[in-house]
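Survey of secondary and tertiary structure
This is what each chain is made of:
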Amino acid sequence: MRKIAPWLLWIWIIGVIWAAFFYAPLAEGFVGQSSRILFFHVPMAWVSFVAFLAAGAWSIRFLAGGRRVAHDHAASAAVELGLLFCVLATVTGALWARVMWGAFWNWDPRQTSIVLAMIFYAAYLALRSAVEEPETRRRLAAAYAVLGLVVAPFLFFVLPRLTFSLHPDSVVNLRGRIEMESRMRQVLAASSLAFTVLFFWIHRIQVRLKARAERAPLGRTRP
């Protein structure tokens, strides 16, 4: 089953790509084909949030569960992947903004908040690089990631809603619920689930690589 699962995941992702372009209809009020990028932009932003929450959860396990190195590896890998998906979400969002708003960057609240999230978690990696002693580095990084359990929800969900946003969520969903054609909802849900599974699959590989590097004779680099 482990050998088949990755193939099923890739078939699933290919199906999502096909559905995004040939099954889901275009959204009203969007320029040209621009609404199709949201089937990738939104899941990427969602996965980055999941990754940051997962990093905080694994950090709690590290601090409260005997400080197992595996939990530290899992937390650091989650932050690294979360930043990657955060960058991808920012790039795809900028491409969409260029089509819809005429510029890649508009200092929209959602654009600003995701940049603040990237800065916050880039500081996590900087902290890990700045501390030499392994155990101290792991404890400080874990405490920082736990703080992220408060910071990430604020930056992703609270800060963007404190003021008016050009983002479609603030313009279209005026009645506080998702108002989207059923086929679009299906593709968005399938894409979000696919990207979430992809994150955990890559994360598992990344944790194994970190553990192998630490066990290697020359692997005295920081985990």
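Residues numbered from 1 in each chain as written. Predicted model: local features only at pLDDT ≥ 70, side-chain atom pairs only at ≥ 80, totals over all residues. Heavy atoms only, no water.

**Details of the overall build of the protein**
When you go through the protein residue by residue, the secondary structure sums to 7 helices and 0 strands. In sequence order, the protein lays out its α and β elements as α-α-α-α-α-α-α. Each of the 223 residues in the protein was classed as buried or not, and the buried ones make up 43%. Contacts spanning at least 24 positions in sequence make up 76% of the contacts within the protein whose residues lie at least 6 apart. Taken as a whole, the protein presents about 12300 Å² of accessible surface, with 70% of it coming from carbon and sulfur. (Helix = DSSP H or I, 4+ residues; strand = E, 2+ residues; numbered from the N terminus. Buried < 20%, exposed > 50% of the residue type's maximum accessible area, 1.4 Å probe, protein only. Contact = heavy atoms within 4.5 Å. Areas by Shrake-Rupley, 256 points an atom, 1.4 Å probe, with all protein chains shown as cover.)

**Comments concerning the pattern of salt bridges**
Applying the stated rule across the entire model yields 4 salt bridges. Note that arginine 138 is salt-bridged to aspartate 72, the shortest N-O span being 3.6 Å. Placement of the pair is arginine 138 in helix H5 (residues 134-158) and aspartate 72 in helix H3 (residues 69-101), with a sequence separation of 66 residues. When its relative accessible area of 9% is taken as the criterion, arginine 138 is described as buried. (Salt bridge = Lys/Arg side-chain N within 4 Å of Asp/Glu carboxyl O.)

**Some thoughts on the packing of aromatic side chains**
A ring pair, where both rings are aromatic, is described by two values, the distance of the centres and the angle of the planes. Here the structure, examined in full by the defined rule, presents 16 aromatic pairs. Plain terms: the ring middles of phenylalanine 120 and tyrosine 144 are 4.6 Å apart, the flat faces sit at 25° to each other, and that makes the pair stacked. Of the two residues, phenylalanine 120 sits in helix H4 (residues 109-130) while tyrosine 144 sits in helix H5, which places them 24 residues apart along the sequence. By way of ring pairs, the aromatic residues Trp46, Phe49, Phe52, Phe120, Tyr121, Tyr124, Tyr144, Phe156 and Phe157 are connected into one cluster. The aromatic ring of phenylalanine 104 is capped on one face by arginine 98, whose charged end is 5.9 Å from the ring centroid. (Phe/Tyr/Trp six-rings, centres within 6.5 Å; stacked < 30°, edge-to-face > 60°. Lys NZ or Arg CZ within 6 Å of the ring centre and 35° of its normal.)

**Describing the confidence of the model for the protein**
With 88% of its residues at a pLDDT of at least 70, the protein reaches an overall mean of 87. The secondary-structure element of the protein with the lowest mean pLDDT is helix H6 (residues 168-171), recorded at 50, while helix H2 (residues 38-64) shows the highest, at 95. Every residue in residues 170-177 scores below 50 in pLDDT, and together they form 8 contacts with partners more than four places removed in sequence or on other chains. (pLDDT = per-residue confidence, 0-100.)

**As for the nonpolar core**
Membership of the largest hydrophobic core comes to 51 residues, with the highest contact counts inside it found for Phe39, Phe52, Phe85, Tyr121, Phe195 and Phe199. Taken together, the elements giving at least two residues each to this core come down to helix H1 (4-22), H2, H3, H4, H5 and helix H7 (182-215). The element best represented in this core is H2, accounting for 12 residues. Ignoring anything within four residues of it in the chain, the contact list for phenylalanine 85 reads Met44, Val47, Ser48, Phe195, Leu198 and Phe199. (Core = buried A, V, L, I, M, F, W, Y, C linked by side-chain atoms within 4.5 Å.)

**Concerning a nonpolar patch on the surface**
Together, Ile17, Trp18, Phe21, Phe22 and Tyr23 make up an exposed nonpolar region whose accessible area comes to about 560 Å². Mapped onto the elements of the fold, isoleucine 17 is located in helix H1. With relative accessibility at 38%, the residue isoleucine 17 sits in the partly exposed group. (Patch = residues over 30% accessible without salt bridge, like charges linked within 9 Å, V, L, I, M, F, W, Y side chains within 5 Å.)

**Description of the environment of alanine 103**
By the secondary structure assignment, alanine 103 is in the loop between H3 and H4. With residues near it in sequence (within four places) discarded, alanine 103 still touches Ala94, Ala97 and Arg98.

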